[in-house]
Structures are given as C-alpha cells and as structure tokens.
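Overview (structure and organization)
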Amino acid sequence: MSKPHDYEELTELVSRLLDEQLDEAERARLNDLLLSGPEARRVYRQMVDQEVEFGCRFMAEADRELAAQGNIVPFDFAAERAAARRTWILRLAAAAAMVAAPVLVWLANRTPRVTPAIVARVEPGRGELQLLDQQGKAVVITTPVELKGGAKVALNGKDASASLVFPDQSRITLAGPGEVSVQPDGATMLQLQRGHLSATLGTNLARGPFHLQTSNALVRVEGTRFTARETAGLTEVSVEAGRARLTRRADGREVEIRTGQFAVADNRMGWVVGYLPGDDGRWSEDFENGLPTGWRGQLVSEGLPPDSKHGLKAVRTQEPWGTFDVVELPAEWNHGLFILNTNSVLHLTYRMAKPTWLNVFMHTIPPHAAPGEKAMFVLRSEQFPGARTEWATVSIPFARFVRKVPDPVTGELHFTGGPPRAGERACTIAFTAPHELDLVFDKIWVTPDGPAEEKVQLLP
Amino acid sequence: MRDGANQAEFAALYARVHLDLLRYVLTLLPDRHQAEDVVQDTARLLWRKFADYDPAQPFLPWARKFAYFEVLKFRRSRALREKYFSDELLDLLAEEHAADDNQLTQGREALDGCLQKLDEVSRQLLKDRYGDEIPLEELARRQGRKVNALYVVMHRIRQRLLECVNRTLKAEGWT
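So, a few notes on the structure that sits alongside this text. Nothing here was measured: the structure is a model prediction, and the numbers come from that model.

Once that is clear, we can look at the overall build of chain B. From N to C terminus, chain B includes eight helices and zero strands. Traced from its N-terminal end to its C-terminal end, chain B shows the element sequence α-α-α-α-α-α-α-α. Evaluated residue by residue, chain B yields a buried proportion of 51% over its 175 residues. Within chain B, residue pairs in contact and separated by at least 24 positions form 63% of the contacts whose partners lie at least 6 positions apart. In the form shown here, chain B has an accessible surface area of approximately 8,600 Å², with 51% of it arising from carbon and sulfur atoms.

On to the packing of aromatic side chains, then. In total, this model carries 20 aromatic pairs over all chains according to the counting rule given. Between A:F384 and A:F441 the ring centres are 6.4 Å apart and the planes differ by 25 degrees, which places this aromatic pair in the stacked class. Taken together, the residues A:F384 in the loop between strand 25 (375-379) and strand 26 (392-397) and A:F441 in strand 30 (residues 439-447) connect sequence positions 57 residues apart. Across this residue pair, the class does not change: A:F384 and A:F441 are buried. Summarising the aromatic geometry, the rings of B:F59 and B:W62 are spaced 5.6 Å apart at their centres and angled 40 degrees between planes, so their arrangement reads as tilted. In this pair, B:F59 and B:W62 are both assigned in helix 3 (residues 59-77), three residues apart and thus about one turn of the helix distant.

Residue and element names in this part refer to chain B. Direction vectors running N to C along helix 2 (residues 32-49) and helix 3 enclose 125 degrees, while the axes themselves pass 9 Å from each other. Relative to helix 3, the element helix 2 lies oblique. For the pair helix 2 and helix 3, the sense of crossing is right-handed. Two secondary-structure elements touch here, helix 2 through Q34, V38, D41, T42, L45, L46 and K49 and helix 3 through F59, W62, A63, F66, A67, E70, V71 and F74.

A few words now on the interface of chain B and chain A. The interface is formed by 75 residues belonging to chain B together with 69 residues belonging to chain A. Overall, the association of chain B and chain A removes approximately 6,600 Å² of surface from exposure, summing both partners, and the carbon and sulfur fraction of that is 52%. The interface formed by chain B and chain A includes 11 salt bridges. In this structure, B:R23 and A:D49 form a salt bridge, with 3.4 Å as the shortest nitrogen-oxygen distance. At the surface where chain B touches chain A, the tally comes to 21 residue pairs in polar contact (both at pLDDT 80 or more). Those elements giving two or more residues to the side of chain B that touches chain A turn out to be helix 1 (4-28), helix 2, helix 4 (87-97), helix 5 (101-117), helix 6 (120-131), helix 7 (136-143) and helix 8 (147-171) of chain B. In terms of residue count, the dominant contributor to the side of chain B that touches chain A is helix 1 of chain B (14 residues). Grouping the amino acids of the side of chain B that touches chain A by side-chain chemistry returns 32 nonpolar, 16 polar and 27 charged.

Another point: unusual backbone geometry. Residue and element names in this part refer to chain A. Looking along the chain, the bond that leaves F384 and enters P385 is cis, with omega of 0 degrees. In this fold, P385 is placed in the loop between strand 25 and strand 26. Look at E20: it is not a glycine, yet its phi comes out positive at around 60 degrees.

A few words now on empty space enclosed by the protein. Scanning the model with the defined rule gives three cavities of 30 Å³ or more in all. In terms of lining, the largest cavity is formed by A:Q46, A:D49, A:Q50, A:E53, B:Q103, B:L104, B:G107, B:R108, B:L111, B:L162, B:V165 and B:L169. If you list the elements that add at least two residues to the lining of the largest cavity, you get helix 3 (38-68) of chain A together with helix 5 and helix 8 of chain B. Counting residues per element, the lining of the largest cavity draws most heavily on helix 5 of chain B, at five residues. Among the residues forming the lining of the largest cavity, the class breakdown is five nonpolar, four polar and three charged.

Moving on to the state of the cysteines. Residues and elements named next belong to chain B. A complete count under the given rule lists one disulfide over all chains for this structure. The disulfide partner of C114 is C164, and the gap between their sulfur atoms is 2.0 Å. Given an S-S torsion of about -85 degrees, the disulfide between C114 and C164 has left-handed geometry. With C114 in helix 5 and C164 in helix 8, the pair connects residues that are 50 residues apart, well separated along the chain. C114 gets classed as buried once you look at its relative accessible area, which sits at 3%.

Calculation criteria
Within any chain, residue numbers begin from 1 and follow the written order of that chain's sequence. Chains and ligands are labelled by the order in which they are written, letters from A for the one and numbers from 1 for the other. Reporting of local features is limited, given that this is a predicted model, to residues whose pLDDT is at least 70; pairs of side-chain atoms are given and counted only at 80 or more, and all residues count toward the totals for whole chains, interfaces and linings. For side-chain calculations, the full set of non-hydrogen atoms in the structure is used, while hydrogens and water are omitted. Each helix corresponds to a stretch of at least 4 residues labelled H or I by DSSP, and each strand to a stretch of at least 2 residues labelled E; elements are numbered beginning at the N terminus. The buried label goes to any residue with under 20% of its type's maximum accessible area, the exposed label to any with over 50%, and the partly exposed label to all in between, with areas taken from a 1.4 Å probe on protein chains only. Note on definitions: a residue-residue contact is assigned when non-hydrogen atoms from the two residues lie within 4.5 Å. Residue-level accessible areas treat just the shown protein chains as cover; the underlying method is Shrake-Rupley with a 1.4 Å probe. Here a Phe, Tyr or Trp ring, Trp counted by its six-membered ring, pairs with any other such ring whose centre lies within 6.5 Å, and the pair is stacked when the planes are under 30 degrees apart, edge-to-face when over 60, and tilted otherwise. Each axis is a line fitted through C-alpha atoms, and for a helix only the stretch in contact is used; angles between axes span 0 to 180 degrees, taken between their N-to-C directions. Orientation categories follow fixed angle ranges, with anything under 35 degrees roughly parallel, anything over 145 roughly antiparallel, 65 to 115 roughly perpendicular, and all other angles oblique. Each helix crossing is assigned a hand: it is left-handed if the near helix lies turned anticlockwise from the far helix by less than a right angle, otherwise right-handed if that turn is clockwise. As used here, buried area is the combined drop in accessible area, with a 1.4 Å probe, of two parts when they are placed together. Salt bridges, as used here, are contacts in which a Lys or Arg side-chain nitrogen is within 4 Å of a carboxyl oxygen on Asp or Glu. Here a polar contact is taken to be a pair of N or O atoms separated by no more than 3.5 Å, where protein atoms must pair a possible hydrogen donor with a possible acceptor and residues adjacent in sequence count only if both atoms sit in side chains. All amino acids are sorted into three groups, where Ala, Val, Leu, Ile, Met, Phe, Trp, Tyr, Cys and Pro are nonpolar, Asp, Glu, Lys and Arg are charged, and the leftover types, Gly among them, are polar. We place a 1 Å grid over just the protein atoms. Points where a 1.4 Å probe fits but has no way out form a cavity, open points with protein on both sides within 12 Å along at least 5 of 7 lines form a pocket, and any residue with an atom within 4 Å of a point lines it. Grid points are joined across faces, edges and corners, and a volume is the space filled by probe spheres set on the points. Here, the term disulfide refers to a pair of cysteine sulfur atoms separated by no more than 2.5 Å.

So far we have only geometry, and geometry alone does not tell us how the molecule works.
Okay, structure coming up:
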C-alpha cells in the first residue's frame, strides 16, 4: 500500500474537492495527478468512500442522540439552535468537570426555567383527543385549543383524528392512536404509536429537519410533504416532496428515501424501499411474463395478436352480491397504482368475441385525502367495448370517468360527479358485467397524455 | 411488468446496494447533490430495466453499469466547465472501481477503530459537519474562526483517518 507521488498535494486537492473549494486550475491539476497512476486513484477512491461513511455514521449518531434525549424535534430555526445547544452543553460540561463535580451534577439536573408560549393549535377531529399537562392530568378537548410549550396531546381510538396547525401554517394530521408533545422551548416531539400521520410543512418547519419516532424507527425528514404509517409494529414512510433518512432502532440500519419513494420496515426485516406511483403518470401491463400478482382474470395464450404470448380473459367470479365476469387490476389501496392528471389516457388492446355491454369501475385516492378516504368512478365511454370482434386498441381519456357523489337532496350516491382531479391516484380498475364476457385484454397501459377524444385503432 | 412481487424483490435488492451506488457515482461525479440526483435517476432506470436483470448474477455490477451511463448522460447535459474530470480519467475510475471493492469494504470496518482514536474536538467537528449537516462556514462563524482554517482542519482529519485506515489494512495483510 505505497503512497503515490505527490501524496500531500493529492490529498489536499481531494479534500478541497470534497469541500467544494476547488478552482479551475486546481481541478485540472487534480485530474493530472489522478491520471498519473493507479495509486493516486486508489487514494482518491478511499477518500470519497470515507466521505460517504462520515455522512452515514454521524447522521445515525445524531439521530440516536436525539432519540436518547427524548427525540427533541427542531422547530423554527431549531436545527441551528439544537446544534448550538449541544455544543454549548459539551463545552460547559467539560469546564464544569474541571472545576467541580458537584457543580456539574447540579447543572445536569437543574430544570431550565422557560416561560411557556403558544406554539401551535390543535384541532380535534373524530374520536377522543386529550390534553395532558406536565403532571399527566388529562383533559378531553372538543374544540380547537392553543398549545403552549410543554404540552402533550394524546389521540385515542382506532378511527380518531386530529390536526396540529403551526403559526407558519404547517399542518400535521394524525389518524389513529398517537401522542404529540411540544417541548418547553417550542420544539416538537412526535411519537406515532399506531395509525397514520400526514404532514404538510410550512416555511418554518421545512427549514429544519423534522424528527419522528415510531416503535421501530427514527425518521428524520427534510422536506415539505410526507406521510408515516404505523401498524402492528410495521413502519412505513412516504415522501411526496423532500427527503427522509430512516434508522431502524434494532440495528441502526439506515436508508434514505427521496421524493416519490417509500420505505417499510419492522423488527424482523430490513428496510424495503419502493416507489410511489410513478410521478410520470405511466403504467403498463402486457402479461408477457405470465399472470402478474394480484390480477383477476384468466391467463390465455391462444387467439392473440401476432407476437403476443399472453393475454388476460375475463373470469366468472362469485361475489356476495352476485355472480360476475370480471377482469380487475391488482388493487393498491395505500399508494395507488398510478397518478392521474387531467390529460391522462387509458389504453386497452382487447377483443370481444361476443359484443355486449360492461361496466368499468375505478377506485382512487383523492389528492390530500383523509386516511382511508377513497373515491369511486364509472366509465362513460362511447367507444368501449364497442360492437367489434377484431383486435383493437382504444384510447380513452380518464376525463370520461365520472365520480360517485351524494345527491344534494336525498344524500343517495350517484355517478354524477366530475372526472378525476390532477394528483388523484388510481387504486384499481375493474371491467365487469353480470353476464358472460368473452373479453380478452392483450395489453393495458396508462399515459400522462394522449388524444383528447376517444380513439380506436384496429390492429393489423 | 410491475407486479408486487417484482417490486418487493427490486426494493430489497436496491436497498442493499444503494449506498454502494452512491459511493461509485460520487467517485465519478464528486458533488454530493449531483451524485444523489444521478443515483435517483439510476434507481428509476434500474426499475424500468428490472425485467432484464438475471437473478443468477450479482445485482451491484449490473446496477453500476446503468449508474455509469447515467453519469455520462449527466455530464453531457452540463457545460464543459462543470465536468470535474476528463473523459479519460472517468473511464479509468469506472474501470478500476470494482477491483477495490473488498479493500474499500475492509477500510470501512477499519474506520470504526480509527474514529474511536480521534480526539474529541475533531470528532465533534465531524459530528457537526456530517451529523447535523452544518456548513463549515457556519461552524467557523460559531467558533469565531476563519473558514479557511477549518478547511485545513478538515483536510488534516481526513488525512489522519485515511492513514490510520491504511495502517490497519496493512497490518491485516492488504498490500
């Protein structure tokens, strides 16, 4: 492991590179040094690798310390304040240790004298919301109240919900049992025991990282929109805008997820990272690799268009409310299968040996939906299924779907609402009829744009 | 093909190599933010190409190929002045990266011991800089020091740790 020629200069230039301090001349010189031999490049790779390790290790350490301190969450310039406070405490402790141990003990044990200030408003929703004082005395809240520093609120009941609104209009919505504390200095401590939390952070909270504690994870979020769900020891975090670093308590394993991703972990498995429905609004299935998980339908391999190996045929399904022929997409109730915009188009390559009518239902998660909230639509199509027996591709704007809404007078639900809104996430689509459907799909796909009107193309 | 089983399999594989990809991309594109963007683009590309992945082969080398092309794409999209290294150097770095894998992995383990030997002031600086992500300019302001002095301190810490790691590796028989 020999040192390369010009080792000192090399390491200094790499260090300046890592600190983003290199000027043009130095960059050219570093390029030359790295071209000079494999030893120089090895040193460079080591230093870059070391830099990534610093980030991983010290970020994990910072999160663990915050957790040990009671997971104090920065709020409104608190990132800077918290860091300064920790440094100050270390220095003070070192000085005190040198002077007198009893003084250190007193410093460590004394309670800071803080005048509580109003830091947020809590708005009850469903279920029971309790305000707990510092002695643990609980008062049930039924109307919005202002929270002072040091307050803690507890949400009880499976279907309970409440919102915390901060002065910068940051809003944290809780669903299911959970506890939120506001520290005496205005910082927030958020613990999610069970249930669902969604946060839209305003300017102040978004300025510093936001920390959340669940049964098996510590979450540090930098960003403006995220959700977290805790069910039976399973933690799931999704980031709609920003980034989050998640640390598993059991072993300190970390992952970082960014806009459009989610991560799931429990006490047994490591982090599993996935993508939220494509933010490009695309989705497709052609059945070429067999029957995909979660679909309802029968895989067929005969009578298909040229070059196609498989298709999906409607199957007879017994439901409590009747018997139906159906083809159904795999349901994804948490994140949806794909995201819709006002120009999204559904494309179907299909054939119906016996032309007849059928229903096309779609379930969605509306934008900014409350936990569990879904919307239902039916397709009003002029072209699908159509009276044709040959293979064709029909392109149908999603604007052709109509929403099921309550009648303003009777309250009964009818498909008389508008089309899906931009940002709505489709959870599943079902093609169904109470009679026999000799319907086969060769391909189903979604694009974020396409023809504004329905269009049919016969396959050659 | 985006069925749930594939997604879970991909997620598990990707979670395992995410940091390795970041290390690799950062070597070729030494700007943390740009590197993270490229890794994200790579992840999307990997997911789109996942049907082509042969599970009999290791995932990381397969993923690195796509990361390399994403780096090239990124460089093409930027003005020449923003390219950190020449094309010749980029190719060398990409080629040689895999050869150092084992040694870099051992180096990460050795780093644990070396960090423990670090003095408290240096450790605190790393913690502030990387744990709390405080810019060196801000740290210099808080400590009443010149920022250039902190850059020098950071360089010395990196160099000390690098040499400590290499001494450890040498003692373990790495050449």
